[in-house]
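Topology and contacts: notes
Next come the chains, spelled out residue by residue.
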Amino acid sequence: MTVITHARLRSNLSKMIDSPGGVSVGAALSQARANIEARRAEAMAMVEVQIAALEAVAPPASLEDQVFRLNEAYRAANAVIDAASPFELLDLCSAASGLCDLIDGAPTDRTFDWRIVTVHARSLRLLQTLPLEETAARATVLDSLKMVSDRKLPPKAT
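Below, the structure is looked at part by part.

We now examine the nonpolar core. Among the nonpolar cores identified, the biggest contains 34 residues, and L54, L92, L99, F112, V117 and L124 are the most heavily contacted of them. Of all the elements in the fold, those that place two or more residues in this core are α3 (40-56), α4 (63-84), α5 (90-104), α6 (115-129) and α7 (135-152). Excluding residues within four positions of it along the chain, V117 makes contact with L54, A73, L99 and F112.

Right, here's the structure in full:
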């Protein structure tokens, strides 16, 4: 019987991983937080722009126009999530996500209750302006939006 063997070559990556040096996990996390924090002002400006865009979406004039208007509202709400989530602004993300869920669950054969978009836009504006320490007020806003979702979305199948 013949046995064929070959010499194993170590890749450069495995050599780098095994060699000492680099940065500790704690230092890397601290640097990542600092990098993200440096972008906070830009992200908050983006949140402002997207909430304004959501407030500016006009109610649809017809069932055909509804798809376009709902897509506009969805894009604005989704952009709020994208801008706010790296900074753990969970209240803004939760409110915007709730609107996205309601738009996703909107029936295509009936008119969408546009008051939902208006209420979410105003709630996002309120959450944006409320101090972070106002946890009770923020919770009340989110609870109210949850009640809207519970009423408007069909129950989930289990």
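Further notes follow.
Inspection of the secondary structure assignment puts A73 in helix α4. Classification of A73 by relative accessible area gives buried; the value is 0%. In this structure the C-alpha to C-alpha distance between A73 and I51, which are 22 residues apart in sequence, comes to 9.6 Å. Filtering out sequence-adjacent residues up to four positions away, A73 remains in contact with L54, V57, I103 and V117.

So, about the packing of α4 against α5. Here α4 crosses α5 at 155 degrees, and the two axes come no closer than 9 Å. Relative to α5, the element α4 is oriented roughly antiparallel. Seen from above, α4 lies across α5 with left-handed handedness. Where α4 approaches α5, its residues L70, A73, Y74, A77, N78, V80, I81 and A84 are matched on the opposing element by L92, C93, A96, S97, L99, C100, I103 and D104. Residues belonging to the contact of α4 with α5 are distributed by class as follows: 13 nonpolar, two polar and one charged.

Definitions and cut-offs
Residues numbered from 1 in each chain as written. Predicted model: local features only at pLDDT ≥ 70, side-chain atom pairs only at ≥ 80, totals over all residues. Heavy atoms only, no water. Core = buried A, V, L, I, M, F, W, Y, C linked by side-chain atoms within 4.5 Å. Buried < 20%, exposed > 50% of the residue type's maximum accessible area, 1.4 Å probe, protein only. Helix = DSSP H or I, 4+ residues; strand = E, 2+ residues; numbered from the N terminus. Contact = heavy atoms within 4.5 Å. Axes fitted to C-alpha atoms, helices over the stretch in contact; angles between N-to-C directions. Parallel < 35°, antiparallel > 145°, perpendicular 65-115°, else oblique. Left-handed = near helix turned anticlockwise from the far one by under 90°. Nonpolar A, V, L, I, M, F, W, Y, C, P; charged D, E, K, R; others polar.

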